Number of protein chains: 2
Amino acid sequence: MRVTYACVCGSDLHPYHDLEPTPEGRRMGHEAIGVVQEVGAEVTTLKAGDTVIVPFAWSDGTCAFCRDGITTSCVHGGFFDGAPSATQAELLIVPEADGTAVVVPEGTDESLMPSLLTLSDVYLTGYHAARQGQVGPGKTVTVIGDGAVGLSAVLASKELGAETIILMGRHESRTDLGRKFGATHVVAERGDEGVAKVLEITGGEGSHVVLEAVGHLPAYEQAYGIVRPGGVISRVGVPQYEEAPVGFASLFGKNVTLTGGPATIRAYLEAAIPQVLDGTTDPGQVFDRELPLADIAEAYRLMDAREALKVLIRV
Amino acid sequence: MRVTYACVCGSDLHPYHDLEPTPEGRRMGHEAIGVVQEVGAEVTTLKAGDTVIVPFAWSDGTCAFCRDGITTSCVHGGFFDGAPSATQAELLIVPEADGTAVVVPEGTDESLMPSLLTLSDVYLTGYHAARQGQVGPGKTVTVIGDGAVGLSAVLASKELGAETIILMGRHESRTDLGRKFGATHVVAERGDEGVAKVLEITGGEGSHVVLEAVGHLPAYEQAYGIVRPGGVISRVGVPQYEEAPVGFASLFGKNVTLTGGPATIRAYLEAAIPQVLDGTTDPGQVFDRELPLADIAEAYRLMDAREALKVLIRV
């Protein structure tokens, strides 16, 4: 496919910091909308000229785990970024194309493309957090992290009927968008102070649901500090740690449930597209900058410096 | 209350091994049936002469967490064992008596007392594991641990409609009772070999639900090795560790949910008593020895040496 829209993800910043230089470089990016150029001999549901959304992971749509809706564990699946293909590019190879790509209806207004692009990862990752966290009417939800995924988790929580939404973040332009998306409270404090603030807001009881959209250990520790007994911590920030507290003093004693993982975007995509098309949801507001593919390095710099929340790339 | 039946729990063996001697000793035990001797001035639902079941934790039944059903997090709650009271004794003080103790109908046959006593902890702890693990029809459930809690988890899984129940344990007399309780497979292997065996039984897909009834880190590691992507690990073995793997390679990558905690017995007790009385469930089979209170030290020895599965104490 010919990529028409891509973007930079918070998780792209990890290799931006840590990746060792290599002579051949590495393909980057995992979010895209584009136009099908050519299909493989076995592809049956797509044709040249179709505009499609591609989730950050490919999947066959037919294996036992795909049928369970756990598309990110597809037995023939994989993640974009690196080989064989990645989305911050002019052209993209989509493995398992029938299972992976979803067609956007012909004639869809270009102004909807940013919101549709968020269905490739960021918005549906926030939605995955909220859904796995059992967000619903009457619930108090705390979102840790005011990046684009955290703000998406606020929006998804609002749409799932959460009563109170506490956003933990300290970048005012971001938390302002969080309020617009449905946050009822903003807590700028971190660590013990942040925990105390959330407990105060919840009358000492803690938050039914905590959506952790950061991926660093302090955010995890904050999560079990503020979760209500019997509550749920749902993680979608890719953990930058392997070991963490799970014993009596953290999760077990309070009967806390820990859930989350790579968002199973593909399982949500068909239901989400119409909601963008009919205006029910408008997650494209997370894009606050737009650059051409030639300026991709500047896009990374802007996001790394937190000068941009999320950069849309026009290819 | 005057204790009539008590018993020794697998978790009593931790202090049996590790507790430092003290001049005054320590009260032990947290499972009991007995007869009310005297009630406090504010007690309204109990009277002298009532036969009652006492859960391993006391709770007021009225606080926000009790109303949520998370009775083990009651703001006025606590755990028996140690001060102020414990159940391997002639007499027991029951704090928050109205919230804690539940009356057994007058005239209940003495032969049902062992099964009713399991509602004080062991059976309902197995039930808590299964319920938190979302055991239900069509599910494959693996139970790690062939102690009395593990076997109770097998029985509860059977009652909740699990299709396949794999019991991991290597004490034949125990796994035989596990088969009687509903286990369809027994896996004696541990560690990597045990994981390989469960994967083989599940066609390489893993177990929808893993009930971890041991509490040691190798059992936890076994759990994430055998759980199916999108599945649930439910722990009721009190963790003898605080830190454990939770990152991409263990829980996150497979979208695994980790749940469990101290069983919220009190929230289940009213519904469970009639099921024992009408013979729907017969969890008292976990008792394979009976001793008088005077022989309590022998009861500990028998369980520690695995000569007994669970010892009933007649007081």
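Quick caveat: nothing in here was measured; it's all calculated off a predicted structure.

Caption draft 1: Region of the structure containing the pairing of strand β13 (residues 257-260) of chain B. All names here are of chain B. The side-chain alternation of β13 yields two buried faces, one formed by T257 and T259 and the other by L258 and G260. As defined by bridge partners, strand β11 (residues 227-235) adjoins β13 across 4 bridges and the pair is classed as parallel. The partner of R235 across the bridge, within β13, is G260.

Caption draft 2: Representation of the interface of chain B and chain A in the model. Contacts between chain B and chain A engage 41 residues on the former and 41 residues on the latter. Carbon and sulfur atoms make up 56% of the surface buried where chain B meets chain A, a total of about 3300 Å² over both sides. Taken as a group, B:E242, B:F252 and B:N255 account for 22% of the area that chain B buries against chain A, more than any other trio of residues on that side. Linking chain B with chain A are 2 salt bridges, by the criterion used here. Note that A:D68 is salt-bridged to B:R228, the shortest N-O span being 2.8 Å. Taken together, chain B and chain A are joined by 26 residue pairs in polar contact (both at pLDDT 80 or more).

Caption draft 3: Seen up close, the pattern of salt bridges. Considering all chains together, one arrives at 18 salt bridges over all chains under this definition. Residue A:R228 pairs with A:E205 through a salt bridge whose shortest N-O separation is 2.7 Å. Of this pair, A:R228 sits in strand β11 (residues 227-235) while A:E205 sits in the loop between α8 (191-201) and β10 (207-212), and the two are 23 residues apart along the sequence. For A:E205, a relative accessible area of 28% gives the class partly exposed. Salt bridges sharing common partners tie together A:D68, B:E205 and B:R228.

Caption draft 4: Region of interest: the relation of the copies chain B and chain A. You can overlay chain B on chain A at an RMSD of 0.0 Å; the transform is a turn of 180° with a shift of 0.0 Å along its axis. In short, the pair behaves as if placed about a two-fold rotation axis. Rotation axis and chain B: the residue whose C-alpha lies nearest the axis is B:L258, separated from it by 2.5 Å. Taken together, the interface assignments show that 100% of the residues at the interface of chain B recur at the interface of chain A, consistent with an identical surface on both copies.

Caption draft 5: A look at the side chain of B:H128. With respect to the element layout, B:H128 can be found in helix α5 (residues 122-132). For B:H128, a relative accessible area of 1% corresponds to the buried category. Within the structure, B:H128 has its side chain in polar contact with the side chain of A:N255 (distance 2.8 Å). Among all residues touching B:H128, those that are not within four sequence positions of it are A:N255, B:S234, B:V236, B:G261, B:P262, B:A263, B:T264 and B:Y268.

Caption draft 6: The sheet that holds strand β15 (residues 311-314) of chain A, seen in detail. Residues and elements named next belong to chain A. Taken together, the 6 strands give an open sheet; going across it, the order is β6-β3-β2-β1-β15-β14, and neighbouring strands pair in mixed fashion. Bordering the open sheet on either side are β6 (102-103) and β14 (289-292), each of which pairs with just one other strand. For β14 and β15, the ladder comprises 4 bridges, and the chain directions are parallel. Directly across from R289, in β15, lies its bridge partner V311.

Caption draft 7: Structural context of the sheet that holds strand β2 (residues 32-35) of chain B. Residues and elements named next belong to chain B. Read from one edge to the other, the open sheet built from 6 strands follows the order β6-β3-β2-β1-β15-β14, with strand pairing classed as mixed. What marks the edges here is a single partner per strand, and that holds for β6 (102-103) and β14 (289-292). Note that β2 and strand β3 (residues 51-54) share 4 bridges and pair antiparallel. If you follow V35 over to β3, its bridge partner there is T51.

Caption draft 8: Spatial organisation of the packing of helix α6 (residues 148-159) of chain B against helix α7 (residues 172-181) of chain B. Residues and elements named next belong to chain B. Between α6 and α7, the least distance of the axes is 8 Å, while the angle of their chain directions is 15°. The orientation of α6 relative to α7 falls into the category roughly parallel. Crossing handedness for the pair α6 and α7: right-handed. Together, L151, V154, L155 and K158 of α6 and R174, L177, G178 and F181 of α7 make up the contact between the two elements. Among the residues forming the contact of α6 with α7, the class breakdown is 5 nonpolar, 1 polar and 2 charged.

Caption draft 9: Spotlight on helix α8 (residues 191-201) of chain B. Residues and elements named next belong to chain B. Of the positions making up α8, those classed as buried are G194, V195 and V198. The buried residues of α8 occupy an angular sector of 100° when the element is viewed end-on, so they sit on one face. For α8, the exposed residues set more than 90 degrees away from the buried face come down to D192, E193 and E200. Positive backbone phi, approximately 60°, marks G203, located one or two places after α8.

Caption draft 10: Fine view of the packing of aromatic side chains. Going through the model one piece at a time under the given rule, you end up with 16 aromatic pairs over all chains. Ring plane angle 65° and centroid distance 5.1 Å describe the contact between A:W58 and A:F80, whose orientation is recorded as edge-to-face. You can see A:W58 sitting in strand β4 (residues 57-58) and its partner A:F80 sitting in the loop between β5 (78-79) and α3 (97-100), a full 22 residues away along the chain. Residues A:F248 and A:F252 carry aromatic rings whose centres are separated by 5.9 Å and whose planes lie at 45° to one another, so their mutual orientation is tilted. A residue is classified by how much of its surface remains accessible, and A:F248, at 38% relative accessible area, is partly exposed. With relative accessibility at 0%, the residue A:F252 sits in the buried group. Among the aromatic residues, those joined into a ring-pair cluster are A:F56, A:F79, B:F248 and B:F252.

The rules behind these values
Position numbers for residues start from 1 in each chain and track the written sequence from start to end. As they are written, the chains are lettered A onward and the ligands numbered 1 onward, keeping that order. With pLDDT at 70 or above as the cut-off, local features in this predicted model cover only qualifying residues; side-chain atom pairs require 80 or more to be listed or tallied, and sums for whole chains, interfaces and linings still use all residues. Heavy atoms from the whole structure form the basis of all side-chain values; hydrogens and water molecules are not counted. Relative accessibility thresholds used throughout: buried, under 20% of the residue-type maximum; exposed, over 50%; partly exposed, between the two (1.4 Å probe, protein chains only). Going along the chain from the N terminus, every DSSP run of H or I of four or more residues is numbered as a helix, and every run of E of two or more is numbered as a strand. Pairs of strands are assigned from DSSP output, requiring at least two bridges between the strands. Any pair of residues with heavy atoms lying within 4.5 Å of one another is described as a contacting pair. A 1.4 Å probe defines the accessible area here, and the buried area is the portion of it lost by two parts on being joined, summed over both. We define a salt bridge as a contact between a side-chain nitrogen of Lys or Arg and a carboxyl oxygen of Asp or Glu at a distance within 4 Å. We define a polar contact as two N or O atoms separated by no more than 3.5 Å, with the added condition that, inside protein, one atom must be a possible hydrogen donor and the other a possible acceptor, whereas residues neighbouring each other in sequence contribute only through side-chain atom pairs. C-alpha atoms of residues with pLDDT of at least 70 in both copies form the basis for the least-squares superposition of the copies. Axes, fitted as lines to C-alpha atoms, cover a helix only where it is in contact. Angles between the N-to-C directions of the axes lie from 0 to 180 degrees. Roughly parallel means an angle under 35 degrees; roughly antiparallel means over 145; roughly perpendicular covers 65 to 115; every other angle is labelled oblique. Working rule for handedness: look at the near helix, and if it is turned counterclockwise from the far one by less than a right angle, call the crossing left-handed; if clockwise, right-handed. When residue character is reported, Ala, Val, Leu, Ile, Met, Phe, Trp, Tyr, Cys and Pro are called nonpolar, Asp, Glu, Lys and Arg charged, and the others, Gly included, polar. Regarding the arc, it is the one traced by the directions from the helix axis to the C-beta atoms. Aromatic pairing here means that ring centres of Phe, Tyr or Trp (its six-membered ring) are within 6.5 Å. Orientation follows from the plane angle: under 30 degrees is stacked, over 60 is edge-to-face, and everything else is tilted.

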